[in-house]
Amino acid sequence: MNRPDWDEYFLEIARAVGERATCLRRKYGAVIVKDRIIISAGYNGSPRGEKNCIDTNFCMREKLKIPKGERYELCVAVHAEQNAIINADPEKMIGATIYIYGVNVADGTLASGEPCLLCRRMIKNARIEKVVYFDADGNLISKFAQDF
C-alpha cells in the first residue's frame, strides 16, 4: 500500500478543490492547514454573486493573449489563495501551511502553483508560515513564506 505523505495528501485535496474553479485558463485550488487539520479552502473564480467566466465564456486576458502573471487587473477572478485566506479564521492561520495546486484548462497539464506577488503579500500578512506547491515541471516546492 502506497500511503501519500502529508504534502501529497493536502496537495491532492487542493487539486480537488480546484475542480470548482471557474476560470477558462487555469484551475487553482488552495488549502490552508495547521497541525494536519484543514482550516480553509478556496478556488479561483469570480467574486460571490458575480458571473463566472465559464458562464459567460469570456476571458479578457485570454482574448488579449496576456501571459500568466501579467495584467491581473483585467481578470474578474479572485485567486484560490485569496479565497482560502478570506474564508479562514485569522488566528488559526498563524503558523499554518498553504497548499496550492494548478492545472492548465486547455490541456490538463500542471500549472505552477507558485503564488503571484499579491498572493505572496496576503500569505505573509495572514502569518501563514509555509507554502507548498508543484512547479510547472512537477517538482514539489516547499518554502517558508518569508523566503518569497
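Whatever comes next refers back to the structure up there.
So, here's what we can say about the structure.

Reading the values: rules and limits
Residues numbered from 1 in each chain as written. Predicted model: local features only at pLDDT ≥ 70, side-chain atom pairs only at ≥ 80, totals over all residues. Heavy atoms only, no water. Helix = DSSP H or I, 4+ residues; strand = E, 2+ residues; numbered from the N terminus. Rg over C-alpha atoms; globule rule 2.2 N^0.38 Å. Contact = heavy atoms within 4.5 Å. Areas by Shrake-Rupley, 256 points an atom, 1.4 Å probe, with all protein chains shown as cover. Lys, Arg positive; Asp, Glu negative; His and termini not counted. Charge placed at Lys NZ, Arg CZ, Asp CG, Glu CD. Phe/Tyr/Trp six-rings, centres within 6.5 Å; stacked < 30°, edge-to-face > 60°.

### Looking at the overall build of the chain
Here is step 1 of the chain: Summing up its helical and strand segments, the chain has six helices and six strands in all.
Here is step 2 of the chain: Helices and strands in the chain line up, N terminus first, as α-β-β-α-α-α-α-β-β-α-β-β.
Here is step 3 of the chain: Taken against the 2.2 N^0.38 rule, which gives 15 Å for 148 residues, the C-alpha radius of gyration of the chain at 15 Å falls within 12% of a compact globule.
Here is step 4 of the chain: By principal-axis analysis of the C-alpha atoms, the chain measures approximately 40 × 35 × 25 Å.
Here is step 5 of the chain: Counted over contacts in the chain with a minimum sequence separation of 6, partners at least 24 positions apart contribute 62%.
Here is step 6 of the chain: Carbon and sulfur atoms make up 50% of the accessible area of the chain, which amounts to about 8700 Å² in all.
Here is step 7 of the chain: Between the mean site of the 22 positive side-chain charges and the mean site of the 20 negative ones, the chain shows a separation of 4 Å.

### Things to note about the packing of aromatic side chains
Here is step 1 of the chain: The final tally for this structure, using the stated rule, is five aromatic pairs.
Here is step 2 of the chain: Between the aromatic rings of Trp6 and Phe10, the centroid separation amounts to 5.7 Å while the plane-to-plane angle is 20°, which identifies the pairing as stacked. Of the two residues, Trp6 and Phe10 are both situated in helix 1 (residues 6-18); the distance of four residues between them amounts to about one turn of the helix.
Here is step 3 of the chain: Measuring from centroid to centroid gives 5.3 Å for Phe10 and Tyr99, while their planes differ by 35°, and the two rings are tilted.

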